[in-house]
Amino acid sequence: MALASMTGFARALGESGAVRWTWELRSVNGKSLDLRIRIPTGLETLEPKIRERCSKVLRRGNVSIGLAMQRDQSEQLFQVNESALDAVLSTIELLKNRVPDLAPPSLDGILSQKGVFELKEPEDDEEVQAALHNALLTTLDAALIDLVDMRHTEGHAIARVVRGQIGTIADLTQSAEDLPARRPEAIKARLKKQVSELLDASEGQLDAQRLHQEAVLLATKADIREELDRLHAHVAAVRELMDMGGAIGRRLDFLAQEFNREANTLCSKSNDVDLTAIGLDLKAVIDQMREQIQNLE
């Protein structure tokens, strides 16, 4: 399965009879799938179907779904709101009683009062309405296909970058493996020097047991075998996940945190300049990789 980004945009146009519409879908990063739907009044029954269609093809991301509709003006009807007209006429009668010399209002003046003359959409029968709903959902499906395609295109580009970064992490881990400072004779010489420095600093007051403890601590700090093994294992896990594809963003983000933990431990244990430099390079690449991974579904 292909990897997908959580960022995308799609627009799809449709029409049925005298009605035209536009779907717009926008998707950005999110911890889970969050659908925000804006549709015209009267189409609320479509919302469950919209959510169902989106949930089938999207796993993560904050997705805004908007529908704009327009009806041919020739299909629109003007009508008088009798309740509003009665209210206006009652007010006029009241004013005439209080101000007898008041000039009578014109018909244009009465009809221009807010709410008296209104535009009304024609009421479709159930069959026409069902056909419209089906056409709207068909257009939504087309928009979702375009959105998914765009997310996959960007996901492919991100995957290429992440594969390069995981390759760099693998190379840096191997460089740490191959450091001359990690050879047994180098570690032994460094421990001998550090123990000698401890003896000089204690002016011969350090007992044998304490000396043994300090040597063990120094040897433990010099051993980064466990960290290197974990880094190798994490590299293999990331590559396996990326080969598998699909919605793997969360698992990759967890592995990125594990990478960072091992790199931090590597730096804290390091008593070699070259190893410290490798640890810092690892941290930089891991941070860059995590930024990319957080865009993946």
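The coordinates are above.
The notes below deal with the structure included here.

The rules we used
Residues numbered from 1 in each chain as written. Predicted model: local features only at pLDDT ≥ 70, side-chain atom pairs only at ≥ 80, totals over all residues. Heavy atoms only, no water. Pairing = 2+ DSSP bridges. Helix = DSSP H or I, 4+ residues; strand = E, 2+ residues; numbered from the N terminus. Buried < 20%, exposed > 50% of the residue type's maximum accessible area, 1.4 Å probe, protein only. Axes fitted to C-alpha atoms, helices over the stretch in contact; angles between N-to-C directions. Contact = heavy atoms within 4.5 Å. Core = buried A, V, L, I, M, F, W, Y, C linked by side-chain atoms within 4.5 Å. Patch = residues over 30% accessible without salt bridge, like charges linked within 9 Å, V, L, I, M, F, W, Y side chains within 5 Å. Areas by Shrake-Rupley, 256 points an atom, 1.4 Å probe, with all protein chains shown as cover. Salt bridge = Lys/Arg side-chain N within 4 Å of Asp/Glu carboxyl O.

### Things to note about the pairing of strand S1 (residues 8-16)
In step 1: Relative to strand S2 (residues 19-28), S1 is paired through 9 bridges, and the arrangement is antiparallel. When the bridges of S2 are listed, Ala 12 appears paired with Trp 23.
In step 2: Joining the antiparallel neighbours S1 and S2 is a turn of 2 residues, in which Gly 17 adopts a positive phi near 65 degrees.

### As for the environment of Gly 245
In step 1: In this fold, Gly 245 is placed in the loop between helix H7 (225-244) and helix H8 (249-269).
In step 2: For Gly 245, a relative accessible area of 6% translates into the label buried.
In step 3: For the pair formed by Gly 245 and Ala 4, sequence separation is 241 residues and the distance between their alpha carbons is 8.6 Å.

### Observations regarding the sheet that holds S2
In step 1: Taken in spatial order, the 4 strands line up as S1-S2-S4-S3 in an open sheet, and their pairing is mixed. Sheet topology places S1 and strand S3 (33-38) at the edges, where each strand pairs with a single neighbour. On average, each strand axis in the sheet is inclined to that of its neighbour by 15 degrees, with strand direction left out of account.
In step 2: For S3 and strand S4 (residues 61-71), the ladder comprises 6 bridges, and the chain directions are parallel. What sits directly across from Ile 37, in S4, is Ile 65.
In step 3: This element, helix H1 (residues 47-57), spans S2, S3 and S4 of the sheet and lies at about 145 degrees to S3.

### What to know about the nonpolar core
In step 1: Judged by nonpolar contacts, the single largest core of 32 residues is most densely connected at Ile 169, Met 242, Leu 252, Phe 259, Leu 282 and Met 289.
In step 2: Secondary structure elements with two or more residues in this core: helix H4 (126-177), H7, H8 and helix H9 (273-293).
In step 3: Ranked by residues supplied to this core, first place goes to H4 with 8 residues.
In step 4: Aside from chain neighbours lying at most four places away, what touches Met 289 is Val 162, Gln 165, Ile 166, Ile 169, Ala 256 and Phe 259.
In step 5: Grouped together as the second largest cluster of nonpolar side chains are 25 residues, Trp 23, Ile 50, Ile 65 and Leu 67 included.

### A few points about a nonpolar patch on the surface
In step 1: A contiguous nonpolar surface patch, about 240 Å² in accessible area, is contributed by Leu 95, Val 99 and Leu 102.
In step 2: Following the sequence through the fold, Leu 102 ends up in the loop between helix H2 (82-98) and helix H3 (107-111).

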